[in-house]
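Reading the structure
Here are the chains, one letter per residue:
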Amino acid sequence: MADEPLVLGIETSCDETGVGIVRGHTLLADAVASSVDEHARFGGVVPEVASRAHLEAMVPTIERALREARVSASDLDGIAVTAGPGLAGALLVGVSAAKAYAYALGKPLYGVNHLASHICVDQLEHGALPEPTMALLVSGGHSSLLLAPDITADVRPLGSTIDDAAGEAFDKVARVLDLGFPGGPVIDRYAREGDPEAIAFPRGLTGPRDAPYDFSFSGLKTAVARWIEAKRNAGEEVPVRDVSASFQEAVTDVLTRKAVRACKDEGVDNLMIGGGVAANSRLRSMAEERCAAAGITLRVPRPKLCTDNGAMVAALGAEMVARRRAPSDWDLPADSSLPVTEPHLPGSGTPGGNAPSHGGSRGGTGSHEHGSTHDHDHDHVHELSRKNLYS
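Residues numbered from 1 in each chain as written. Predicted model: local features only at pLDDT ≥ 70, side-chain atom pairs only at ≥ 80, totals over all residues. Heavy atoms only, no water.

Overview of the overall build of the protein
Scanning the protein from terminus to terminus reveals 14 helices and 10 strands. Counting over 391 residues, the protein shows a buried share of 53%. Considering only residue pairs separated by 6 or more positions, the protein has 73% of its internal contacts joining residues 24 or more positions apart. Approximately 16,200 Å² of the protein is accessible, and the part contributed by carbon and sulfur atoms is 49%. (Helix = DSSP H or I, 4+ residues; strand = E, 2+ residues; numbered from the N terminus. Buried < 20%, exposed > 50% of the residue type's maximum accessible area, 1.4 Å probe, protein only. Contact = heavy atoms within 4.5 Å. Areas by Shrake-Rupley, 256 points an atom, 1.4 Å probe, with all protein chains shown as cover.)

A short note on the sheet that holds strand β6 (residues 133-138)
Taken together, 5 strands build an open sheet; the order of strands is β8-β7-β6-β9-β10 and the sheet is mixed. Looking at strand neighbours, the two that pair on one side only are β8 (154-160) and β10 (297-299), the edges of this open sheet. Pairwise comparison of adjacent strand axes, ignoring direction, gives a mean angle of 25° for this sheet. Packed on one face of the sheet, helix α10 (residues 281-294) meets β6, β9 (270-274) and β10 and runs near 160° to β10. (Pairing = 2+ DSSP bridges. Axes fitted to C-alpha atoms, helices over the stretch in contact; angles between N-to-C directions.)

Looking at the state of the cysteines
In this structure the tally under the stated criterion is 0 disulfides. A disulfide-free cysteine, cysteine 291 has its sulfur positioned 6.4 Å from the sulfur of cysteine 263, the nearest such atom. (Disulfide = S-S within 2.5 Å.)

Examining the side chain of serine 139
Structurally, serine 139 is set in the loop between β6 and β7 (143-150). Exposure remark for serine 139: the relative accessible area of 13% places this residue in the buried category. Among the polar contacts listed, one links the side chain of serine 139 to the backbone nitrogen of glycine 141, at a separation of 3.3 Å. What serine 139 contacts, discounting residues up to four positions off in sequence, is Ala165, Ala166, Gly167, Glu168, Gly275, Gly276 and Val277. (Polar contact = N/O pair within 3.5 Å; in protein donor to acceptor, adjacent residues only side chain to side chain.)

Below, the structure written as structure tokens:
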């Protein structure tokens, strides 16, 4: 285990400041600072509020993760960070922090994909991913079916949402039901006491001529809102538990049906489910039933690892180090629309090429090539930073 890469991961794509530390496939620390309470009064995530919260939480969360893992920052083999997709301002905070720590510590930097990280986190729960792996990722911003022959270099999108993502639909339905934000957990809780067959809500994009792997939940959300409105206009009480259960059943039915079909069509005998909605109890139970019937092995991380966290970023970063993927350059961007086909953003250098030497020379092939002025004008500042930051 001591020979496996020790990597710190930073996740700031939305409203969670996540810092994880992983050694190989072993989770050592998973520290999270959430700003969800600050967004609740707005009924959704406010990008500027999220960015400011990340700024305040970053250093304390990193320090907490290091204490929890009982390691020194100088022991790290690399620093990974979510480079996209996500909220631009929030991503920028994480990427900037990762650059600062990597530079000050002389460690390689890995800008990784948020969606690929959600797949890779399962390695911390169930060991190495089979190759290929079919992944169903469902969250507030994404509903995707992905085929991953190699999580570090080859991730292929098969289908995605064409409008509202599954988690977004949960939030909007919860708002109509006056259940607050975020909607996923509270609807799941109410649904356990409701009848999933009480109301026949529509299943989007499930017709014979529809795209087999794409998702649409906007029509379902509208159907639920109109049903509730009709009840209220008639002066009748809205059966919140039955509405929650019936809506949840419609969402999970579509998600699992398409995921199992993709596995069969592609000849893949394992399915991984990740993302925040993967914490939903009905999605898990329905996936278990349908995968068992189809002879498919189901892999779902524990709920805490399904939501956004730094552990998933560290897991993908550790895999990058283990497979000797090239680290990112110092001009690594925060890309809010980074495609899943790019699991990470490699630089121009060789593995380890972007890690600055503590002797002051940073002329490796992974460094900036904008001339000596940029590289050397502020060496004294960088050296002081290194000294003050976990000397």
